[in-house]
Amino acid sequence: MDQRILAERLSGLPLADIRYFESLGSTNDTAAVWALQGAADVSLVIADQQTKGRGRAGRQWFTYPGSALAFSLVLRPSSQEYQGRAGLIPRFTGLGALAVSQALQTQFGLQAEIKWPNDVLVRDQKLCGVLAEAHWVGDRLAVVILGIGINVAAQAIPPKESLHFPATSLETELGFEVDRITILRAVLGEITRWRAGLMDEEFLLSWEANLAYQGDWVQLVSPAPVEGRDSVLVAGQIIGLAPDGALRLRTRSGEELAFRSGEISRPQENFQLRLVDSSPK
Ligand code: BTN
């Protein structure tokens with residue numbers, strides 16, 4: 001992978017500009033700096049290696065040389081389409097996750113699913129993470145940096161002790177080598193397609209249709225403080241997504257709640273359904 005090959009192989013996609021790095025801290029950080037300097041809508045930062053890759057909730061994201069895809073898009077939401085709409089940022093996270101899921105489905109026939117809010121799973125193991133970060137100018141959303149990390153080769157899978165969830169890679173699942181730029185092109189194509197209708201019902205329905213654990217019982221730890229608590233733990237059945245991208249759960253008592261942030265996990269064998277706090281967000 002290099003700048004010239006990327007430009008050649010990604011030609012025809014509506015990218016404003018591409019910056020390739022052999023190694024950098026985080027593509028999201030580099031893209032944010034570039035955005036400040038005036039990068040146009042749909043500018044791409046991509047790196048072979050990240051030394052300070054970031055995940056959600058302050059976690060580290062590992063990107064070892066030659067084994068993964070790590071890239072960020074500078075997106076500038078246009079005012080008439082998006083400004084002031086509830087759930088805009090979550091929709092960008094959904095955009096990344098849906099684009100990767102669909103690219104994996106169409107390119108390789110893999111049953112990729114979205115573990116709300118920002119992971120892509122194959123056979124219940126994480127293959128990709130999405131990190132959408134918003135930059136505001138006053139109360140106007142100026143830029144969204146959409147960062148995507150995909151484990152391509154088996155070497156991309158981080159050491160077990162640093163995992164929060166079982167992980168896999170594309171090549172592990174497929175059993176053969178895949179070309180990173182082919183995947184990148186497919187994902188960027190899906191992002192382009194879905195971004196055009198990001199606020200449409202069709203996007204929400206596709207995002208929802210690709211959710212992992214639909215109808216299953218899960219437990220959700222939501223970090224937002226509620227009445228003095230640091231986090232809430234709720235058990236519920238996944239019933240879908242609200243228009244603002246919140247996860248809708250039905251609790252054992254039949255109550256329907258929606259959560260804008262949090263981490264879901266499936267019940268362990270010894271799991272007993274507990275409703276510690278069901279305050280909605
Ligand atoms: C997560 O699973 O918590 C999200 C991981 C997002 C990783 C990608 S890799 C490209 C971009 N640059 C970063 O520093 N993070 C994102």
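This text goes with the structure placed above it.
As a starting point, this report considers the structure included with it. On a predicted model such as this, the values are computed, not experimentally measured, just so you know. (Residues numbered from 1 in each chain as written. Predicted model: local features only at pLDDT ≥ 70, side-chain atom pairs only at ≥ 80, totals over all residues. Heavy atoms only, no water.)

1. A closer look at the overall build of the chain
- Of regular secondary structure, the chain possesses seven helices and twelve strands.
- In summary, the chain has a C-alpha radius of gyration of 19 Å against a globular reference of 19 Å for 281 residues, a match within 12%.
- Its C-alpha atoms give the chain principal-axis dimensions of about 60 × 45 × 35 Å.
- Counting all 281 residues of the chain, 52% fall into the buried class.
- Considering only contacts in the chain between residues 6 or more positions apart, those separated by 24 or more positions represent 65%.
- If the 27 positive side-chain charges of the chain are averaged to one point and the 32 negative ones to another, these points end up 2 Å apart. (Helix = DSSP H or I, 4+ residues; strand = E, 2+ residues; numbered from the N terminus. Rg over C-alpha atoms; globule rule 2.2 N^0.38 Å. Buried < 20%, exposed > 50% of the residue type's maximum accessible area, 1.4 Å probe, protein only. Contact = heavy atoms within 4.5 Å. Lys, Arg positive; Asp, Glu negative; His and termini not counted. Charge placed at Lys NZ, Arg CZ, Asp CG, Glu CD.)

2. Some thoughts on the nonpolar core
- Ranked by internal contacts, the top residues of the largest apolar core, which has 69 residues, are Leu-10, Ile-150, Val-187 and Leu-188.
- Top contributing element to this core by residue count: helix α4 (residues 88-108), with nine residues.
- Beyond its immediate chain neighbours, meaning those up to four positions away, Leu-10 contacts Leu-15, Ile-18, Leu-44, Ile-181, Leu-184, Arg-185 and Leu-188.
- In terms of nonpolar packing, the next biggest core, distinct from the first, is built from twelve residues, Ala-32, Ala-39, Val-45 and Val-74 among them. (Core = buried A, V, L, I, M, F, W, Y, C linked by side-chain atoms within 4.5 Å.)

3. Description of α4
- An ideal rise of 1.5 Å per residue puts 30 Å on 21 residues; α4 measures up with 30 Å between its terminal C-alpha atoms.
- Phi turns positive one or two residues past the end of α4, at Gly-109, with a value near 65°. (Expected span 1.5 Å × (residues − 1).)

4. What to know about the side chain of Arg-180
- Here Arg-180 shows up in helix α6 (residues 180-195).
- Accessibility expressed as a relative area gives 14% for Arg-180, which makes it buried.
- Polar contacts involving the side chain of Arg-180 include one to the side chain of Asp-48, which spans 2.8 Å. (Polar contact = N/O pair within 3.5 Å; in protein donor to acceptor, adjacent residues only side chain to side chain.)

5. Structural notes on the pattern of salt bridges
- Using the criterion set out here, one finds 17 salt bridges in the structure.
- Close ionic contact of Asp-29 with Arg-54 constitutes a salt bridge, the shortest N to O distance being 2.6 Å. Of this pair, Asp-29 sits in helix α2 (residues 27-36) while Arg-54 sits in the loop between β2 (43-50) and β3 (68-75), and the two are 25 residues apart along the sequence.
- Taking the relative accessible area as the measure of exposure, Asp-29 reaches 35% and is therefore partly exposed. (Salt bridge = Lys/Arg side-chain N within 4 Å of Asp/Glu carboxyl O.)

6. Things to note about the site of the ligand
- Taken together, 20 residues lie near the ligand, and Ser-26, Gln-50, Arg-54, Arg-56 and Lys-126 sit nearest.
- One of the side-chain nitrogen or oxygen atoms of Ser-26 is found 2.7 Å away from an oxygen atom of the ligand.
- At a separation of 2.5 Å, an oxygen atom of the ligand approaches a polar side-chain atom of Lys-126.
- The protein chains hide 98% of the 410 Å² of surface that the ligand would expose on its own.
- If you list the elements that add at least two residues to the shell around the ligand, you get α2, β3, β6 (125-137) and β7 (140-151).
- Looking at the shell around the ligand, the element that brings in the most residues is β6, giving four residues.
- Grouping the constituent residues of the shell around the ligand by class yields five nonpolar, eleven polar and four charged. (Near = heavy atom within 4 Å. Areas by Shrake-Rupley, 256 points an atom, 1.4 Å probe, with all protein chains shown as cover. Nonpolar A, V, L, I, M, F, W, Y, C, P; charged D, E, K, R; others polar.)

7. What to know about unusual backbone geometry
- Put simply, Trp-116 and Pro-117 share a cis peptide bond, and its omega is 5°.
- Mapped onto the fold, Pro-117 is located in the loop between β4 (112-115) and β5 (119-122).
- Backbone geometry places Asp-124, a non-glycine residue, at a positive phi of 60°.
- On the secondary structure map, Asp-124 appears in the loop between β5 and β6.

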